[in-house]
Amino acid sequence: MRAALSQHEVENLILGLSDALADATDDYRSICDDTAEAEMNYKHAYHSAVIALASGVKITADVRKSTAWLRSENQERGYTILSAAKEGQREHLRSLTTRIEALRTVSANVRGQT
């Protein structure tokens, strides 16, 4: 059977897990940013291809849509990247809340044992 943890041991465990959680949250935010950038690159390539294929052909709804998208690409790029950053920040806030709640619970349990 394992001996009860001291307050100091609990705090060290929580600090270690908190650091790991903070690192994972940062990694997640980076992935969100990279995903947004990749999505925008894909859309740019796709719409450019649609327009290139339509050269000399009657303008269709797809060509009009692609042309409009390419003309407003910078605005959508900014929106998409900010959306990814917002999602990353939301995850960071969730992880901070979880860390605080865990710290409160464990600290109360350890105090109850002493």
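Every chain begins its residue count from 1, and numbering advances along the sequence as written. Reporting of local features is limited, given that this is a predicted model, to residues whose pLDDT is at least 70; pairs of side-chain atoms are given and counted only at 80 or more, and all residues count toward the totals for whole chains, interfaces and linings. Hydrogens and waters are ignored; side-chain quantities use all the structure's heavy atoms.

Quick look at a negative patch on the surface
Then comes step 1: By definition, no residue in a patch forms a salt bridge, and every one has over 30% relative accessible area; like charges are joined within 9 Å, nonpolar side chains (Val, Leu, Ile, Met, Phe, Trp, Tyr) within 5 Å. Areas reported as accessible are Shrake-Rupley estimates using a 1.4 Å probe. Residue values count occlusion only from the protein chains shown. Salt bridges are identified by distance alone: a Lys or Arg side-chain nitrogen within 4 Å of an Asp or Glu carboxyl oxygen. Positive charges come from Lys and Arg, negative ones from Asp and Glu, while His and the chain ends are left out of the count. Where a charge lies is defined by one atom per residue type: Lys uses NZ, Arg uses CZ, Asp uses CG and Glu uses CD. Among the surface-exposed residues, Asp 19, Asp 23, Asp 26 and Asp 27 lie close enough to one another that they form a single negatively charged patch.
Then comes step 2: For helices the rule is a DSSP run of H or I covering at least 4 residues; for strands it is a run of E covering at least 2, with both sets numbered from the N terminus onward. The residue Asp 19 is located in helix H1 (residues 7-53) in this model.

Focus: the confidence of the model for the chain
Then comes step 1: pLDDT expresses, on a scale from 0 to 100, how confident the predictor is about each individual residue. Predicted confidence across the chain gives a mean pLDDT of 79, with 96% of residues reaching 70 or more.
Then comes step 2: At the level of individual helices and strands, the chain shows its lowest average pLDDT in helix H3 (residues 73-113), which scores 79, and its highest in helix H2 (residues 61-71), which scores 82.

A few points about the side chain of Arg 77
Then comes step 1: Mapped onto the secondary structure, Arg 77 falls in helix H3.
Then comes step 2: The classification of residues rests on relative accessible area computed with a 1.4 Å probe and restricted to protein chains. Under 20% of the type maximum is buried, over 50% is exposed, and intermediate values are partly exposed. Overall, Arg 77 belongs to the buried group, its relative accessible area being 18%.
Then comes step 3: The criterion used for residue contact is that any of the two residues' heavy atoms lie within 4.5 Å. Sequence-distant contacts of Arg 77, that is, excluding residues within four places in its chain, are made with Glu 37, Met 40 and Asn 41.

Points about the side chain of Glu 73
Then comes step 1: One can find Glu 73 in helix H3.
Then comes step 2: Nitrogen and oxygen atoms within 3.5 Å of one another constitute a polar contact, given that in protein one can donate a hydrogen and the other can accept it, and given that sequence-neighbouring residues count only through two side-chain atoms. Among the polar contacts made by the side chain of Glu 73, one reaches the side chain of His 44 at a distance of 2.8 Å.

Brief notes about the environment of His 47
Then comes step 1: Mapped onto the elements of the fold, His 47 is located in helix H1.
Then comes step 2: Residue His 47 is classed as buried on the basis of its relative accessible area, which comes to 9%.
Then comes step 3: For the pair His 47 and Leu 70, spaced 23 residues apart in sequence, the C-alpha separation works out to 7.0 Å.
Then comes step 4: Only 2.7 Å separates the side chain of His 47 from the side chain of Ser 66, close enough to count as a polar contact.

Describing the packing of H1 against H2
Then comes step 1: Relative to each other, H1 and H2 sit at 135°, their axes nearing to 9 Å. On the basis of their axis angle, the class for H1 and H2 is oblique. Judged by the sense of rotation from one axis to the other, the crossing of H1 with H2 is left-handed. Along the contact surface, H1 presents Met 40, Lys 43, His 44, His 47, Ser 48, Val 50 and Ile 51, while H2 presents Asp 62, Val 63, Ser 66, Thr 67, Trp 69 and Leu 70.
Then comes step 2: Side-chain classes follow a simple rule in which Ala, Val, Leu, Ile, Met, Phe, Trp, Tyr, Cys and Pro form the nonpolar group, Asp, Glu, Lys and Arg form the charged group, and the remainder, Gly included, forms the polar group. Of the residues in the contact of H1 with H2, the class split is six nonpolar, five polar and two charged. An axis is simply a line fitted to the C-alpha atoms; with a helix, the fit covers only the stretch in contact. Between two such axes, the angle follows the N-to-C directions and lies from 0 to 180 degrees. Here roughly perpendicular refers to angles of 65 to 115 degrees, roughly parallel to angles under 35, roughly antiparallel to angles over 145, and oblique to all remaining angles. What makes a crossing left-handed is the near helix being turned counterclockwise from the far one by less than a right angle; a clockwise turn instead makes it right-handed.

Regarding the pattern of salt bridges
Then comes step 1: This model, assessed by the stated rule, comprises six salt bridges.
Then comes step 2: We note a salt bridge from Glu 37 to Arg 77, for which the minimum N-O separation is 2.7 Å. Taken together, the residues span a long stretch of sequence, with Glu 37 in helix H1 and Arg 77 in helix H3 at a distance of 40 residues.
Then comes step 3: Under the relative-accessibility criterion, Glu 37 is labelled partly exposed at 31%.
Then comes step 4: Across the pair Arg 90 and Glu 87 runs a salt bridge, and its minimum N-O distance is 2.8 Å. One end of the pair, Arg 90, and the other, Glu 87, are both in helix H3, three residues apart, so they sit about a helical turn from each other.
Then comes step 5: Classification of Arg 90 by relative accessible area gives partly exposed; the value is 33%.
Then comes step 6: Salt bridges linked by common partners bring Glu 37, Glu 73 and Arg 77 together as one network.

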